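Overview (structure and organization)
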Amino acid sequence: MVVKSVGAFSFAKIMGTLYVIIGLVFGLLFSLVAVAGFGTSGSGMGAMFGIGAVILLPIVYGCIGFVATLIGAWLYNLAAGIVGGVELETD
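My aim in this report is to walk through the structure given alongside it, one point at a time. (Residues numbered from 1 in each chain as written. Predicted model: local features only at pLDDT ≥ 70, side-chain atom pairs only at ≥ 80, totals over all residues. Heavy atoms only, no water.)

**Topic: the packing of aromatic side chains**
What counts, and what does not: Note on aromatic pairs: the rings of Phe, Tyr and Trp (six-membered ring only in Trp) are paired at centre separations within 6.5 Å, and the planes decide the class, stacked below 30 degrees, edge-to-face beyond 60, tilted for the rest. In DSSP terms, a helix is any run of H or I states spanning at least four residues, a strand is any run of E spanning at least two, and both are numbered starting from the N terminus. Each residue gets one of three labels from its accessible area relative to the maximum for its type: buried under 20%, exposed over 50%, partly exposed in between, using a 1.4 Å probe on protein chains only.
Within this structure, the stated rule accounts for 2 aromatic pairs. Taking the centre distance of 5.7 Å and the plane angle of 85° together, the rings of F9 and F66 count as edge-to-face. In this pair, F9 sits in helix α1 (residues 8–38) while F66 sits in helix α2 (residues 45–83), placing the two residues 57 residues apart along the sequence. On the accessibility criterion, F66 (24% relative accessible area) is partly exposed. Taking 5.8 Å as the distance between ring centres and 55° as the angle between the ring planes, the aromatic pair formed by F26 and Y61 counts as tilted. Placement of F26 in helix α1 and of Y61 in helix α2 is noted, with a sequence separation of 35 residues between them. Judged by its relative accessible area of 28%, Y61 is partly exposed.

**Regarding a nonpolar patch on the surface**
Under the convention used in this document: Residues enter patches when their relative accessible area tops 30% and they take part in no salt bridge; the joining distance is 9 Å for like charges and 5 Å for the nonpolar side chains Val, Leu, Ile, Met, Phe, Trp and Tyr. For accessible areas, the Shrake-Rupley method is used with a probe of radius 1.4 Å. Any residue's cover is judged against the shown protein chains and nothing else. A pairing counts as a salt bridge when a side-chain nitrogen of Lys or Arg comes within 4 Å of a carboxyl oxygen of Asp or Glu.
A contiguous nonpolar patch, built from I14, L18, Y19, I21, I22, V25, F26, L29 and L32 and spanning about 830 Å² of accessible area, is present on the exposed surface. Take F26: its relative accessible area is 40%, and that puts it in the partly exposed class.

**Re the side chain of S31**
Convention followed: N or O atoms closer than or at 3.5 Å make up a polar contact, with two conditions inside protein: a donor-capable atom paired with an acceptor-capable one, and, for residues adjacent in sequence, both atoms drawn from side chains. Contacts between residues were defined by any pair of non-hydrogen atoms, one from each residue, lying within 4.5 Å.
By secondary structure assignment, the location of S31 is in helix α1. Looking at S31, its side chain comes within polar contact range of the main-chain oxygen of L28, at 2.7 Å. Dropping the residues within four chain positions of it, S31 is found in contact with G50, A53 and V54.

Spelled out as structure tokens, the structure:
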């Protein structure tokens, strides 16, 4: 079986969703580090950075993942049209 083309938009939607999940995990980790690092000052900056990381990182990761995958799928389709697709072996 040879994959000659991929649905760029559908692939980008899936990858964008996965990158949102990855961004959420990194945001949670970053918020833990921010709260631990800024917790001693008592200014509440750690909590603000933590909340910002949990909200902002998934959005940024999701958008970048969507756009990068959309471009990558388009480039794959272009290259597969010129040199052929990826060969897959299934049982």
